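# Analysis of the macromolecular model
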Amino acid sequence: MVKICCIGAGYVGGPTMAVIAFKCPSIEVVVVDISVSRIAAWNSDQLPIFEPGLDDVVKQCRGNNLFFSTNIEQHVSEADIIFVSVNTPTKTRGLGAGKAADLTYWESAARMIADVSKSDKIVVEKSTVPVKTAEAIEKILTHNSRGVKYQILSNPEFLAEGTAIQDLFKPDRVLIGGRETPEGRRAVQALKDVYAHWVPEDRIITTNLWSAELSKLAANAFLAQRISSVNAISALCEATGANVSEVAYAVGKDSRVGPKFLNASVGFGGSCFQKDILNLVYICECNGLPEVADYWRQVIKINDYQKNRFVNRVVSSMFNTVSGKKIAVLGFAFKKDTGDTRETPAIDVCKGLLGDNAKISIYDPQVTEDQIRRDLAMNKFDWDHPVHLQPMSPTAVKQVSVTWDAYEATKGAHGVCILTEWDEFKELDYQRIYDNMQKPAFVFDGRNVVDPEELRAIGFIVYSIGKPLDSWLKDMPAVA
Ligand code: NAI
C-alpha cells in the first residue's frame, strides 16, 4: 500500500488529502500538523474549515484510509510520498519585507523530513512557493540525507475556496513539475499514478520544476488582474454613467476573453492573490525586471484603490462623516461559501469606517465573532502564520458588535454595506430592513448582489459598484 503523508492540515492540505483518500482506497493518507487544535477539529464532527461537500468526503474515509495526526515524525518517516502544504506568508521584516515569501515553515518542515527519514522519499511542494524553492529544499534534504534519496516535485494546488471539493473532483488541470532525470521522471510518474485514479490523463500536465512553480504564481496573477481590470473599469463607469455589468457582459462574450472572473466588486481577497503577486513582483525585481514588477504591482494598487474608493463613497454619501453612526456590515468572509477571512476586503473597509469613528455591526453566516475581532486587531500579514502563533484574541473594540442575524445587524443603522456575495443577502426582506433603519437609509453594495432599482423603490439610497449613480451620490463625489 502506498503511504502518503501531508504536512499542513489547512485549507489546502485537508481537502486535497481527503479527496485523494476518497478517490484512492488503496492509498493510506495521513495529514499531520503542529496545531493540536486543528488536528482535533479534523477528527471531530466540527471540521476546522467550512467547504461545501467536505464533511461527506471526510466522513466516508476518516478512520479507513484517511487519518489526521499530530504525530508528525512517525508518519513522515513511514510515508513514500510527502506533500508539504504549510504556510508561506509574506515576510514582514528583513530582506524582501512586504513582498518576498517567508519560507520559515517550509524550511523547518524540510529539515524535519531530513531528520526522521530512513527510506527514500518523494517530497511534493503543495504550498505556493517562489520559483526555485525546490532547489533550496533539495539542498537542505541532500545535505542532511544520511544516504536517503529524495526527489522533489512541484504540484501546486489550483483549488478555489468555496468550490474546493468540486475543483478537486474535476480539476481543469493537475500540474506536476519534476527534474528531467530518470529518477525525476519516475517520481513524476508515481505522483501521476495517484491522480490518474480519477483525473483524465490529458488533464495531467508535466513540466520542469521551475515552470510548475512559476505557473502557479502566474495563474493567480492573471486571475487577480482580471478582477483589477474590471474594477478599474467600474470606476470609469460610475464617472460616465455606464453600467459595469453590461460592459463586463459585452467584453466577456468575446471568446478570447471569456465571461468568468469579470464581476466588479469592492476588491479581491483571500490568502493567495496578494501574497502571490507580491512574491512575483519580488522575483521580478531580483531578476532585474523592474518594468515587469511594476506591471504586476499595479494589480494590487488597483485593489487597494477600490477598497479605499468604497469607504470614501460611504463616508462622502453620509454627509462626509460616519462618526457615531451605526453601519451594518453584511458579510465578512472574502467570498461566499467559505468562512475564510484572510485578506478579506471587509477588514480594510471596516478599518476605514472605524477610522472615521463609525459604530459597526457585523453579520456573516460563517465567520465567528472571535475571528472577526482577531482580524480587525491583527497587523498586516500576521494572519498567514499558524493559528497558535497568531496574537491572542484581542480585547473587544467597543465600536464593533457582531450579530448572528442580518436583521439584528441592520436595526437602527444609518447605512448597510454588503461586502460578501452570500446568496442569502439576495433574499433578505429589504422592506423590513428599511423600516427599522435611520433615514435617509443607505445601502452600499460592494458585490452587486441587490437590484438597485428595487431598493430605490423602497426608499433606500443605493450605491452599487460600477452602476449608474443615484442622484444623491452624484452630488457627493468620492475620490480615492
Ligand atoms: P493554512 O494556514 O490553512 O494551513 C497551513 C497549515 O500548516 C497550518 O495548519 C499550520 O499549522 C501548518 N504548519 C505550518 N508549519 C508546519 C510544520 N512545520 N509542520 C506541520 N504543520 C505545519 O494554509 P493554506 O490555505 O492551506 O495554504 C497552504 C499553502 O497552499 C500556502 O502556500 C498557500 O499559498 C497555498 N495555496 C492555498 C490555497 C487556498 O485557497 N487557501 C490555494 C492554493 C494554494
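Please read these numbers as outputs of a predicted model, since none were measured by experiment.

### Details of the packing of helix 5 (residues 104-116) against helix 6 (residues 133-143)
- Across the interface, helix 5 lies against helix 6 with an axial gap of 8 Å and an inter-helix angle of 30°. Overall, the two elements helix 5 and helix 6 adopt an arrangement that is roughly parallel. Crossing of helix 5 over helix 6 shows right-handed handedness. Within the contact between the two elements, helix 5 uses Trp 106, Glu 107, Ala 110, Arg 111, Ile 113 and Ala 114 and helix 6 uses Ile 137, Ile 140 and Leu 141.
- Of the residues that constitute the contact of helix 5 with helix 6, the class distribution is seven nonpolar, no polar and two charged.

### Some remarks on the sheet that holds strand 9 (residues 326-330)
- The six strands are arranged 11-10-9-12-13-14 in an open sheet whose pairing can be described as parallel. Both outer strands of the open sheet, strand 11 (400-403) and strand 14 (461-464), are each paired with one neighbouring strand and no more. Strand-to-strand twist of the sheet, defined as the mean angle between neighbouring strand axes without regard to direction, takes the value 20°.
- Strand direction decides the pairing type here: strand 9 and strand 12 (residues 415-418), joined by four bridges, are parallel. If you follow Ile 327 over to strand 12, its bridge partner there is Gly 415.
- The strands touched by helix 12 (residues 290-317) are strand 12, strand 13 (442-445) and strand 14; relative to strand 13, the strand with the most contacts, the crossing angle is about 170°.

### Some words on the UniProt feature "active site" (unreviewed entry) in the chain
- Taken from the UniProt record, the annotation "active site" (unreviewed entry) applies to Cys 272.
- Looking at the secondary structure, you find Cys 272 in the loop between helix 10 (244-252) and helix 11 (273-286).
- Cys 272 gets classed as partly exposed once you look at its relative accessible area, which sits at 26%.
- Ignoring any residue separated from it by four or fewer positions in sequence, one finds Cys 272 in contact with Asn 220 and Ile 277.

### Points about the site of the ligand
- Neighbouring residues of the ligand: 27 residues in total, closest Asp 33, Arg 38, Thr 88, Glu 161 and Lys 275.
- With respect to the ligand, the side chain of Asn 87 contributes an N or O atom lying 2.9 Å from an oxygen atom.
- In this structure, Thr 88 approaches the ligand through a side-chain N or O atom, which is 2.6 Å from an oxygen atom.
- Considering only residue class, the shell around the ligand consists of ten nonpolar, ten polar and seven charged.

### Overview of the side chain of Thr 420
- Its location among the elements puts Thr 420 in the loop between strand 12 and helix 16 (430-435).
- Here Ala 333 takes part through its backbone oxygen, which lies 2.8 Å from a polar atom of the side chain of Thr 420.
- Setting aside residues no more than four positions away along its own chain, Thr 420 makes contact with Leu 330, Gly 331, Phe 332, Ala 333, Lys 335, Lys 336, Asp 364, Phe 425 and Arg 447.

### Concerning the pattern of salt bridges
- Taken as a whole and judged by the stated rule, the model has 24 salt bridges.
- Of the charged contacts, one joins Arg 313 and Glu 238 as a salt bridge, the two residues approaching to 3.1 Å between their closest N and O atoms. Of the two residues, Arg 313 sits in helix 12 while Glu 238 sits in helix 9 (residues 209-240), which places them 75 residues apart along the sequence. Residues Arg 313 and Glu 238 agree in their burial class; the two are buried.

### Observations concerning the pairing of strand 8 (residues 204-208)
- Alignment of strand 7 (residues 174-178) against strand 8, held across five bridges, turns out to be parallel. Of the residues in strand 8, the one forming a bridge with Gly 178 is Asn 208.
- Tracing the backbone out of strand 7, into helix 8 (residues 182-195) and back to the parallel element strand 8 gives a crossover that is right-handed.

### Focus: the pairing of strand 10 (residues 359-363)
- Most of strand 10 is tucked away: four of the five residues are buried.
- Since strand 9 and strand 10 lie parallel, the crossover through helix 13 (residues 345-355) that links them has a hand, and here it is right-handed.
- Bridge count between strand 10 and strand 11: four bridges; the pairing is parallel. Along strand 11, the bridge assignment pairs Ile 362 with Val 402.

### Comments concerning helix 3 (residues 54-61)
- Of the residues making up helix 3, those classed as buried are Leu 54, Val 57, Val 58 and Cys 61. What you see down the axis of helix 3 is that its buried residues fit within an arc of 95°, all on one side. The exposed residues of helix 3 that point more than 90 degrees off its buried face are Asp 56, Lys 59 and Gln 60.
- Tucked into the core, helix 3 has its buried residues touching helix 1 (13-23), helix 2 (36-42), strand 3 (66-69) and helix 7 (164-169).

What counts as what
- Residues numbered from 1 in each chain as written.
- Predicted model: local features only at pLDDT ≥ 70, side-chain atom pairs only at ≥ 80, totals over all residues.
- Heavy atoms only, no water.
- Axes fitted to C-alpha atoms, helices over the stretch in contact; angles between N-to-C directions.
- Helix = DSSP H or I, 4+ residues; strand = E, 2+ residues; numbered from the N terminus.
- Parallel < 35°, antiparallel > 145°, perpendicular 65-115°, else oblique.
- Left-handed = near helix turned anticlockwise from the far one by under 90°.
- Contact = heavy atoms within 4.5 Å.
- Nonpolar A, V, L, I, M, F, W, Y, C, P; charged D, E, K, R; others polar.
- Pairing = 2+ DSSP bridges.
- UniProt positions renumbered as here; feature names shortened; annotations may be inferred.
- Buried < 20%, exposed > 50% of the residue type's maximum accessible area, 1.4 Å probe, protein only.
- Near = heavy atom within 4 Å.
- Polar contact = N/O pair within 3.5 Å; in protein donor to acceptor, adjacent residues only side chain to side chain.
- Salt bridge = Lys/Arg side-chain N within 4 Å of Asp/Glu carboxyl O.
- Right-handed = clockwise from strand over helix to strand, strands pointing away.
- Arc of directions from axis to C-beta.

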